[in-house]
Amino acid sequence: MKAAVSTSVFGAFMVLTVVLGLFAVRGRRKGRRDTGLAEWSVGGRSLGTAFIWVLMAGESYTSFSYLGAAGWGYKFGAPVLYVIAYMSCGYALGYVVGPMLWSYARRHQLVGITDIIAHRYGRPWLGTAVALLATVCLLPYIQLQITGMGVVVSTISYGAISLNWACFLGFAVTTVFVVVSGLRGSAWVSVLKDVLVIVTLAFLVIYVPLHYFGGYGHFLDRIVTEKPQWLTFPGHESGGLGQSWFISTTLVNSLTVVIFPTTVAGYLGARSADTLRRNAVYLPAYNVLLFVPMLLGMAALFVVPGLTGTDSDLALFQLVVDSLPAWAVGVIGVAAALSSIVPMAVFMLVIGTMWGRSVLGAIPRLNRGAAPGGRSADRRQKLWSQVVVVAAGTLALLLTYTAPNTLVRLSLISYEGMAQLVPMLLLGLIWRRLTLYGAVGGLTAGVAVVCVLVFGGHDPLWGINAGLIGLAVNLAVALAFTWLGPHRADPRPDAEVLALDEEFAREETPGPAPAA
C-alpha cells in the first residue's frame, strides 16, 4: 500500500513534468516561425531573470545534492562545505564572465562553447575537438543523474521498483522531455522543481531534529560532544581533505563552473547581459538550501549509524522513508527526481547541440542540399542535435547497466578536465596574442597532467587539487608556446576575435557602406 501511494504521487508529477515541457514549447511557437537550433538549445536568447535564475540553480542543485551532500556530511563532515564555497565564488565570477560570453555569442550568432572557441581561433576542427573533450566530461554526469534518480525512485517505492527499471524510467522521461521542449522546457520545469525543493527542505530541516532529537539544542549538543571530528578539517576519514585541498578545490571549481558547457548554455539563453548580472547577485541565496542535506546527513549518524561506501548517500532518504507517511515520501522523492531531470536534460541538450552544430553539422555529406547558414541548415543541425541527445542518453543508460564503474571513474576528472578549457576560452577572449598553438598546447598538457595524477592515485597531490596543478601547467605551456612558438597574424578586427564591451565592439565593427 505504501509503495502504491508513493509511486502514484511520483507518477502524477512525472506526467505534469512532460506536460509543462509541451506547454513551454507550444506557448513559444504560437505566432512564431522560429523553431530552429537557437530556439531549442538556448531558448531563443529570450529568458528573463526569473527563468535564468531557476534554470541555473537547477543545474547546480541536482539529485546528488540530496544524496551526495547528505552522504558527504555523513562520511566526512566539514570538507563538504567546499560545495557552497566554490558555487558562491563561481557566481561572483559569473557576474563578469556571463555577460562577456553572452555578448560575444550574440554578436556572432553562436549557440555553445564549441561555437565560441571555433570562432575565436578561426578553426572549425577545434570546435569538434572541444566537443569530444566536453562529451567525455559530461557523459559521466548523465550517468550519475540516471543512477541518482534510479536510487530515489527505487527507495521511495519501498523496493517495489527495481533499480534497473527506475534508471530506465529516469532516462525515458528526461529524453522525451528534452527532445520535445529544449532549454525553455527545462526552465519551466525548474520552477516546479524549485518550489518543491524549497518546501520539502524547509519541512525536513524542522521535522528531523524535532522528531529524532527533540530539537536543535539536543541535536547540536550531540554532534559537538560525540562527533567533534566531523566539524573540523580534514574531517573524519577524509583521506587528506584539509585546508589546502579545500582552498585549491574551491579555486579550480569556481573557475570551471563559469565555463562549464551547461552553465554557458544558461548564459546564452538570457534575454540580456543585465539579466545575467542580476542573476549572479541572486544565485548565492540558493546555496542556503545546501546546508540542509549536509546537516541532515550528520543527523543520520545517530539515527542510521554504520552506513558505508555508497550506502552513505542514502542517509537522508533513510530518515525520510523510516519516519514519514507514503504520500510525503512520494513528494520528497519527486523533488529529488526533478533535481535530477533538470540538470540531466541540460547536460543532454548541451551534448546534442555541440555534436549537431560542431561535429555532425560540419560534415558536408550529412548536410547535402542545406545552404550553410540558412534556415534549412539550422533545422538540419537541430535534427542532428536531437538524435545525439537520444544516443547520448542511451549510451549512458547502457553503461549504467553494463559498466557502471567506467563512467564513475571518468567522473573523477570531469571538473578537473573541464578546468583546462579556462585559458583557451577566457584568456583567449580577452588577450588577442594567445595563439592557436598556445591554446591547444596548454589544453593538451593540462589534461595529460590531470589524467596522470587522478588515475595514478595522486589527487590531491601534497594536499592540492590535481585540477589546479594541471591548470598551472596548462597556463605555463600556453604562454610559452605563444611567446616562443610560431605566430600567424589573425587579420580579423578585435570585435571578431575578442569579447569586447558592446559599445566598443560597435565602433570596431565596420558598418554598411554609405549609399551612393
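Everything quoted here is computed from the prediction, not taken from an experiment.

A. Up close: the overall build of the protein chain. Tallying secondary structure elements over the protein chain gives 23 helices and zero strands in all. Classification of the 516 residues of the protein chain by burial places 56% in the buried group. Of the contacts formed within the protein chain by residues at least 6 apart in sequence, a portion of 84% connects residues at least 24 apart. When the accessible surface of the protein chain is totalled, it reaches about 20,900 Å², and 67% of it is carbon and sulfur.

B. Inspection of helix H15 (residues 326-359) at higher detail. End to end, H15 covers 47 Å across 34 residues, agreeing with the expected 50 Å (1.5 Å per residue, within 8%). Among the 34 residues in H15, 30 count as buried, and that is most of the element.

C. Quick look at the packing of aromatic side chains. This model, assessed by the stated rule, comprises 18 aromatic pairs. Taken together, a centroid distance of 6.0 Å and an interplanar angle of 90 degrees make the contact between Trp 165 and Phe 168 edge-to-face. In this pair, Trp 165 and Phe 168 are both assigned in helix H8 (residues 163-213), three residues apart and thus about one turn of the helix distant. An angle of 85 degrees between the planes, with centres 5.9 Å apart, marks the rings of Phe 213 and Phe 302 as edge-to-face. Pair noted here: Phe 213 is in helix H8 and Phe 302 is in helix H13 (residues 291-303), with a separation of 89 residues, a long-range link. Accessibility expressed as a relative area gives 11% for Phe 213, which makes it buried. Its guanidinium or amino end placed over the ring of Tyr 121, Arg 120 lies 4.4 Å from that ring's centre, counting from NZ or CZ.

D. Inspection of unusual backbone geometry at higher detail. Pro 234 follows Phe 233 through a cis peptide bond whose omega is 5 degrees. Note that the residue after Asp 459, namely Pro 460, is joined by a cis bond; omega there is 0 degrees. Turning to its location among the elements, Pro 460 is positioned in the loop between helix H20 (436-455) and helix H21 (466-484). The backbone of Tyr 158 shows a phi angle near 60 degrees, a positive value even though the residue is not glycine. Examined against the element boundaries, Tyr 158 turns out to sit in the loop between helix H7 (124-156) and H8.

E. Up close: the side chain of Ser 157. Checked against the element boundaries, Ser 157 lands in the loop between H7 and H8. Every residue in contact with Ser 157, bar those within four places of it in the chain, is listed here: Ala 3, Ser 6 and Thr 7.

F. Main features of the state of the cysteines. In total, this model carries zero disulfides according to the counting rule given. Cysteine Cys 451 shares no disulfide, and the gap to the nearest cysteine sulfur, in Cys 137, comes to 8.6 Å. The class of Cys 451 is partly exposed, set by a relative accessible area of 24%.

G. Layout of the packing of H8 against helix H9 (residues 216-226). The interhelical angle for the contact between H8 and H9, taken along N-to-C directions, is 75 degrees, at an axis separation of 8 Å. The orientation of H8 relative to H9 falls into the category roughly perpendicular. Contact residues: H8 offers Val 205, Pro 209 and Phe 213, while H9 offers Tyr 216, His 218, Phe 219 and Arg 222. A class-by-class count of the residues in the contact of H8 with H9 yields five nonpolar, one polar and one charged.

H. Looking closely at the environment of Ala 12. Topologically, Ala 12 is positioned in helix H1 (residues 2-29). As for Ala 12 and Val 334, which are separated by 322 residues in sequence, their C-alpha atoms are 9.6 Å apart.

I. The arrangement of a nonpolar patch on the surface in detail. A contiguous nonpolar surface patch, about 330 Å² in accessible area, is contributed by Val 15, Leu 16, Val 19 and Phe 23. By secondary structure assignment, the location of Phe 23 is in helix H1.

J. Region of interest: the environment of Ala 419. Tracing the backbone through its elements, the reader meets Ala 419 in the loop between helix H18 (414-418) and helix H19 (422-430). Overall, Ala 419 belongs to the buried group, its relative accessible area being 0%. Between the C-alpha atoms of Ala 419 and Gly 470, which are 51 residues apart in sequence, the distance is 8.5 Å. What Ala 419 contacts, discounting residues up to four positions off in sequence, is Val 252, Thr 256 and Leu 471.

K. Structural context of the environment of Leu 421. Its place among the elements puts Leu 421 in the loop between H18 and H19. Between the C-alpha atoms of Leu 421 and Leu 443, which are 22 residues apart in sequence, the distance is 6.4 Å. Not counting chain neighbours up to four residues away, the residues in contact with Leu 421 comprise Ile 113, Ile 117, Val 130, Leu 133, Ile 259 and Leu 443.

L. Expanded view of the pattern of salt bridges. For the structure on display, the rule yields five salt bridges. With a shortest N-O distance of 3.1 Å, Glu 226 and Arg 222 are connected by a salt bridge. Here Glu 226 and its partner Arg 222 are both found in helix H9, four residues apart, which amounts to about one turn of the helix. Judged by relative accessible area, Glu 226 falls into the partly exposed class, the value being 42%. Taking the relative accessible area as the measure of exposure, Arg 222 reaches 31% and is therefore partly exposed. For Arg 432, the salt bridge goes to Asp 494, with nearest N and O atoms at 2.6 Å. On the criterion of sequence distance, the pair formed by Arg 432 in the loop between H19 and H20 and Asp 494 in helix H22 (residues 494-497) is long-range, its members being 62 residues apart.

M. The packing of helix H11 (residues 261-268) against H15, seen in detail. Interaxial distance between H11 and H15 falls to 9 Å at its minimum, and their mutual angle equals 90 degrees. By the angle between their directions, the pair H11 and H15 is classed as roughly perpendicular. Contact residues: Pro 261, Thr 262 and Ala 265 in H11; Val 346, Phe 347 and Val 350 in H15. In terms of residue class, the contact of H11 with H15 is made up of five nonpolar, one polar and no charged.

N. Main features of the side chain of Thr 135. When you line up the elements, Thr 135 lands in helix H7. On the basis of relative accessibility, which here comes to 14%, the residue Thr 135 falls in the buried class. A polar side-chain atom of Thr 135 sits 2.7 Å from the main-chain carbonyl oxygen of Ala 131. Separated by 2.8 Å, the side chains of Thr 135 and Trp 355 make a polar contact.

Rules behind the numbers
- Residues numbered from 1 in each chain as written.
- Predicted model: local features only at pLDDT ≥ 70, side-chain atom pairs only at ≥ 80, totals over all residues.
- Heavy atoms only, no water.
- Helix = DSSP H or I, 4+ residues; strand = E, 2+ residues; numbered from the N terminus.
- Buried < 20%, exposed > 50% of the residue type's maximum accessible area, 1.4 Å probe, protein only.
- Contact = heavy atoms within 4.5 Å.
- Areas by Shrake-Rupley, 256 points an atom, 1.4 Å probe, with all protein chains shown as cover.
- Expected span 1.5 Å × (residues − 1).
- Phe/Tyr/Trp six-rings, centres within 6.5 Å; stacked < 30°, edge-to-face > 60°.
- Lys NZ or Arg CZ within 6 Å of the ring centre and 35° of its normal.
- Disulfide = S-S within 2.5 Å.
- Axes fitted to C-alpha atoms, helices over the stretch in contact; angles between N-to-C directions.
- Parallel < 35°, antiparallel > 145°, perpendicular 65-115°, else oblique.
- Nonpolar A, V, L, I, M, F, W, Y, C, P; charged D, E, K, R; others polar.
- Patch = residues over 30% accessible without salt bridge, like charges linked within 9 Å, V, L, I, M, F, W, Y side chains within 5 Å.
- Salt bridge = Lys/Arg side-chain N within 4 Å of Asp/Glu carboxyl O.
- Polar contact = N/O pair within 3.5 Å; in protein donor to acceptor, adjacent residues only side chain to side chain.

Read these as geometric descriptors, not functional statements.
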